[in-house]
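Structural description and commentary
Listed below are the residues making up each chain.
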Amino acid sequence: LRWTKAAGLKCLYSGNPFISWGHFMVNPNLSDDGDKGFKKLVDKACVQGIEMGFHTLSNFIHTSDEYVVPVPHEHLLVMDVTVLTNDISADDTVLSVANENNFAINCSLDAIRIGNELICYHKLVKEEGKLLLTGCTRGAFGTQIAVHSAGDRVARLWDHGYKTLFPDIILQGEMAKRVGALGAYSGISRISFDG
């Protein structure tokens, strides 16, 4: 605040006050009392005639966020769907799937969801008439490794180069309400969005 005043500025703007996108929890390095502490910072600035603002990514979800772990939210955005063609144990790192669809296109995370387990795979290969997702990391991001059966749904999740996942329109609305509620509660005067 002292530097802001010395520079003759009227607004102090945080590049990203959150430890993760999704639930938008206030970074403890900024405030060790969550939303209440954030509001105290805004109030303190206001008393000194300085407005507060922040920037955030509006619809990206960090893989460490509670929308992802320990149980992935049902409204993570799905790119494409196929099914398993074989049962898989908790140790299998090669998965046989029915359709290629968009699974051959590499993204930043290459994450799939089977039940409540997230799995990251290396690539899709065609081998002896089978479509195989190879190099699988089971229980990705801290989800629970499980046994799955032939016919189980395999959902390819949308991701971004920031190594984040996306919400569908329902979850996006929930995330927007969280950011709006924090802005209203804290008295922030400016918010900018990206993503």
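1. What to know about the sheet that holds strand E5 (residues 61-62)
What the three strands build is an open sheet, ordered E5-E14-E13; its pairing is antiparallel. Every other strand in the sheet has two partners, leaving E5 and strand E13 (159-160) as the edge strands with one partner each. Both E13 and strand E14 (residues 164-165) contribute to a ladder of two bridges, which runs antiparallel. Along E14, the bridge assignment pairs His160 with Thr164.

2. Quick look at the side chain of Asp65
Summarising the element assignment, Asp65 is placed in the loop between E5 and strand E6 (78-83). Although Asp65 is buried, it makes no salt bridge; Arg178 carries the closest opposite charge, 8.6 Å away. Setting aside chain neighbours within four positions, we find Asp65 in contact with Ser20, Trp21, Gly22, His23 and Phe24.

3. Structural notes on the side chain of Thr4
Take Thr4: it is sitting in helix H1 (residues 2-6). Apart from the residues within four sequence positions on either side, Thr4 is in contact with Leu9, Cys11, Leu12 and Ile50.

4. Details of helix H3 (residues 169-186)
Compared with the 26 Å implied by 1.5 Å per residue over 18 residues, the 26 Å span of H3 between its first and last C-alpha is a close match. In the core, the buried residues of H3 are packed alongside strand E2 (18-20), strand E3 (25-26), helix H2 (34-47), strand E4 (51-57), E5 and strand E15 (190-194). One or two positions beyond H3, positive phi appears at Gly187, with a value near 85 degrees.

5. Notes on the packing of aromatic side chains
Within the structure shown, the criterion is met by seven aromatic pairs. An angle of 70 degrees between the planes, with centres 5.3 Å apart, marks the rings of Phe18 and Phe24 as edge-to-face. Residue Phe24 is classed as buried on the basis of its relative accessible area, which comes to 1%. When the centroid spacing of 6.2 Å and the interplanar angle of 70 degrees are considered together, the rings of Trp21 and Phe60 count as edge-to-face. Of the two residues, Trp21 is situated in the loop between E2 and E3 and Phe60 in the loop between E4 and E5; the sequence distance between them amounts to 39 residues. Residue Trp21 is classed as buried on the basis of its relative accessible area of 10%. Residue classification places Phe60 among the buried residues on the basis of a relative accessible area of 4%. Put simply, the rings of Phe18, Phe24, Phe38 and Phe54 touch in pairs and so form one group of aromatic residues. It is Lys39 that lies over the ring of Tyr185; its NZ or CZ is 5.9 Å from the centre.

Quick notes on the rules
- Starting afresh in each chain, residues are numbered from 1 along the sequence in its written order.
- Owing to the predicted nature of the model, reporting of local features is limited to residues with pLDDT of at least 70; listing and counting of side-chain atom pairs is limited to 80 or more, with chain, interface and lining totals taken over all residues.
- Values reported for side chains reflect all heavy atoms of the structure, with hydrogen atoms and water molecules removed beforehand.
- In short, DSSP must find at least two bridges between two strands for them to pair.
- Helix numbering and strand numbering both begin at the N terminus, where a helix is a DSSP run of H or I of at least 4 residues and a strand a DSSP run of E of at least 2.
- Buried residues are those whose accessible area, probed at 1.4 Å on protein chains only, stays under 20% of the maximum for their type, while exposed residues exceed 50% and partly exposed ones sit between those limits.
- Charged residues are defined here as Lys and Arg on the positive side and Asp and Glu on the negative side; His and the ends of the chain fall outside this count.
- One speaks of a salt bridge when a side-chain nitrogen belonging to Lys or Arg is within 4 Å of a carboxyl oxygen belonging to Asp or Glu.
- The criterion used for residue contact is that any of the two residues' heavy atoms lie within 4.5 Å.
- By this rule the span expected of a helix is its residue count minus one, scaled by 1.5 Å.
- Note on ring pairs: Phe, Tyr and Trp rings are taken, using the six-membered ring of Trp, and paired if centres are within 6.5 Å. Classes follow the plane angle, with under 30 degrees stacked, over 60 edge-to-face and the rest tilted.
- Lysine and arginine charges are scored as sitting over a ring when NZ or CZ, respectively, is within 6 Å of the ring centre and within 35 degrees of the ring normal.

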